[in-house]
Amino acid sequence: MNRYFTFLSLCAGAVMLGRAPAAAQHTFTNGNHSLQLSGFVSAYYNHRFLKEGELNRKNNRFRLRDMQLGLNGRVGKQWAYKVRVDMADLAETAMQSGQTLDPENPGLMSAFIEYTGLPVDIKVGYDKLPYSQGSMLSFDESVFWQRGQLLRGDFFSRRDIGITLTHSMWKQRINLYAGVYTGLGENIIGNNDNDPSGRLEYVGRADVAYPARYRYVETDILQVPVPMVRAGINARYTNKAQPAGQQLPSNIGGEYGLRVMDGKRFAYGWDASFQYRGFSAQFEAQMLHLEPSQAGSDLFYNTDAEVNKGIIRSGGWQAQVNYCALPAKSVLSVRYENYNLNDLVAGETQRLGIGYAYLINGYRAVVKLHYYRIMKEDAKLEPLKWTDQVRVGMSYAF
C-alpha cells in the first residue's frame, strides 16, 4: 500500500517537476550551490470578430506574449531563491507609460528567497500569492492563451511583495498557506512605496488532496491510473481607506476598479480539481465584498445609501474540463465563465472557451489554438466591441 501511494505521489509530482519544460533546464553545481537556468518563449496571432458597425481592427495582430528568463537556485538543503522576468512584458510596459499594468503579464514574475529549514517554509520577496487555484496554475501548461477573466488579475492581484508561510502535512496532501503583503499587487514594483494608508493585505489558503499530493496542473499528461482530487478554500482582507486628502496611486484599480480600492476589501472563494487517465477538470468560485470609504465612490453607481447599504458584491465562477490523448499528442479543453462585476447594477457576463493543444514535445514545444465566444454581455459595465475571438500560436521552453 505504501508503494501504491508513493507511485501516485511521483506521478503527480512529475507533472510539475518532471514535465518537459523542467527537462529543458540547465543546471550548474559546485556541490553545495546548484543553479538552474530556464526560459520560455511564446507568440500568437489574434483575430477578433467585431460587432456590426465596429471598424477598428487593431486587435487583429501578432503578439510576442512571452520571452522569459529564469534563475532557480539552492544553497545547501535549507535555502532557495528564484528570479524570473519576462522581457517582452517589460518592454511593452515601458512603451505604454501611464497605462494600466496587465496583471497577468507584469514583466517581473518572481524574485524571492526561501528558507526551508523549519517546519514552516518562509518565503520573502515577490511572487504569486497563495490565492485561487486558477491563478496558481502554470500558464506554460495550459491549453488556453489566457486565464479566465475572473482569475486574470482584475478582480484580485495575483502577485505582491511580502512574506509567505507554508506548512504541509499528511505527506504533502494537506497544504496550509498564510501571508502578509503590501496590498498593491503587481503595481508595487512601479510605485515602490505603499499607498498613504500604509495598511497591508492578509492572505490565507488551505487545500487537501487524495489519495496523494496533487500539483497545480491543468491537464493530466501522465494519465494517472487512479482518480485524484483536490479541494481548497482561500480568503484575503485589506483596508486601504485613505487618510483625508490622500488617494491611491493612479491606474491601480485594474480594468474594473476592483483589484485595489479605497476602503475595506474582503475576497473569498473555493476550488476543486480532478484528474484520471487523461481526463481532468477544475471548478472555482471567487467573491468580493467591498466597503468603499467614500459614500460618493464610483463603485456605487449613484445608488442611494438606502439601496447599497455601503456594500458592493462582485465575483463569479468558472468550470473547465480537459482531455489529454497522448497517442494523438493532443489536449482538448472547454471552459465556461460566469461573473458579475457589481451587484448594484443588473447584468452578468458569460464566456465560452474551447482550446486545443498539439504537443510537439510535451509542453516543451506546443502549438495552441483557442476560441472564445461571448455568450452574454454585461452591456452597462463591460460593453464589448467583439463577439468572438481566435488565437493560434506556439510556445517553446528551454
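Computed from a predicted structure; not experimentally measured. The residue numbers shown here count from 1 along each chain, following its written sequence. The predicted nature of this model means local features are confined to residues of pLDDT at least 70 and side-chain atom pairs, given and counted, to a pLDDT of 80 or more, with totals for whole chains, interfaces and linings taken over all residues. The basis for every side-chain value is the complete set of non-hydrogen atoms in the structure, without hydrogens or water.

With respect to the overall build of the protein chain
To keep things clear, this is the line we draw: Secondary structure counts use DSSP, requiring at least four H or I residues in a row for a helix and at least two E residues in a row for a strand, with both numbered from the N terminus. Each residue is assigned to one of three classes by its accessible area relative to the maximum for its type, calculated with a 1.4 Å probe on protein chains only: buried under 20%, partly exposed between the two thresholds, exposed over 50%. Residue contacts are counted whenever heavy atoms from the two residues lie within 4.5 Å of one another. Only four residue types enter the charge count: Lys and Arg as positive, Asp and Glu as negative, with His and the chain ends excluded. Every charge is mapped onto a representative atom, which is NZ of Lys, CZ of Arg, CG of Asp or CD of Glu.
Helices and strands together make up the secondary structure of the protein chain, namely six helices and 17 strands. Overall, the protein chain is about 65 × 50 × 45 Å in size when its C-alpha atoms are taken along their principal axes. Each of the 398 residues in the protein chain was classed as buried or not, and the buried ones make up 49%. A sequence separation of at least 24 residues applies to 66% of the contacts in the protein chain between residues at least 6 apart. In the protein chain, which carries 44 positive and 37 negative side-chain charges, the distance between the mean positions of the two groups comes to 8 Å.

A look at the side chain of Q282
Within the fold, Q282 resides in strand 12 (residues 279-292). By relative accessible area, which is 9% here, Q282 ends up buried.

Re the pattern of salt bridges
Rules: When a carboxyl oxygen of Asp or Glu lies within 4 Å of a side-chain nitrogen of Lys or Arg, that pair is called a salt bridge.
This model, assessed by the stated rule, comprises 15 salt bridges. Where D388 meets R373, a salt bridge forms, and the shortest distance between an N and an O atom there is 2.7 Å. Of this pair, D388 sits in strand 17 (residues 386-397) while R373 sits in strand 16 (residues 365-376), placing them 15 residues apart in sequence. Salt bridges linked by common partners bring R65, D66, E104, R147 and R152 together as one network.

Digging into the packing of aromatic side chains
Rules: Centres within 6.5 Å make a pair out of two Phe, Tyr or Trp rings, where for Trp the six-membered ring is used; the pair is then stacked when the planes are under 30 degrees apart, edge-to-face when over 60, and tilted otherwise. A ring is considered to have a charge above it if a Lys NZ or an Arg CZ atom is located within 6 Å of its centre and within 35 degrees of its normal.
Tallied over the entire structure, the rule returns 15 aromatic pairs. One aromatic cluster is present, formed by F40, Y44, F139 and W145 through successive ring pairs. Against the face of W145 rests K368, its NZ or CZ located 4.5 Å from the ring centre.

So, the confidence of the model for the protein chain
Rule in force here: pLDDT is defined as a per-residue confidence score from the predictor, taking values between 0 and 100.
Of all residues in the protein chain, 93% attain a pLDDT of 70 or more, and the chain-wide mean is 92. Long-range and interchain partners of residues 1-23, a stretch whose pLDDT sits below 50, account for 43 contacts in this model, where long-range means more than four residues apart.

Some words on the side chain of R205
For the record, the criterion: Contacts described as polar in this section are N or O atom pairs within 3.5 Å, which, within protein, must combine one atom able to donate a hydrogen with one able to accept it, while residues neighboring in sequence count only if both atoms come from side chains.
Along the chain, the position of R205 falls in strand 9 (residues 201-210). Engagement of the side chain of R205 in a polar contact is seen with the side chain of Y216, the distance being 2.9 Å.

Considerations on the environment of D86
Turning to its location among the elements, D86 is positioned in strand 4 (residues 79-86). Of the residues examined, D86 reaches a relative accessible area of 0% and is grouped as buried. Separated by 19 residues in sequence, D86 and N105 place their C-alpha atoms 8.0 Å apart. Sequence-distant contacts of D86, defined by excluding residues within four places in its chain, comprise R65, D66, M67, Q68, G107 and M109. For D86, the side chain forms a polar contact with the main-chain nitrogen of M67, separated by 3.0 Å.

Considerations on unusual backbone geometry
Residue Y210 is joined to P211 through a cis peptide bond whose omega torsion reads 5 degrees. The residue P211 is located in the loop between strand 9 and strand 10 (228-239) in this model. Despite not being glycine, K171 has its phi angle at roughly 55 degrees, a positive value. Within the secondary structure, K171 sits in the loop between strand 7 (159-169) and strand 8 (174-181). Positioned with a positive phi, N251 is a non-glycine residue whose angle comes to about 60 degrees. Considering the arrangement of structural elements, one finds N251 in the loop between strand 10 and strand 11 (263-276). On the accessibility criterion, N251 (36% relative accessible area) is partly exposed.

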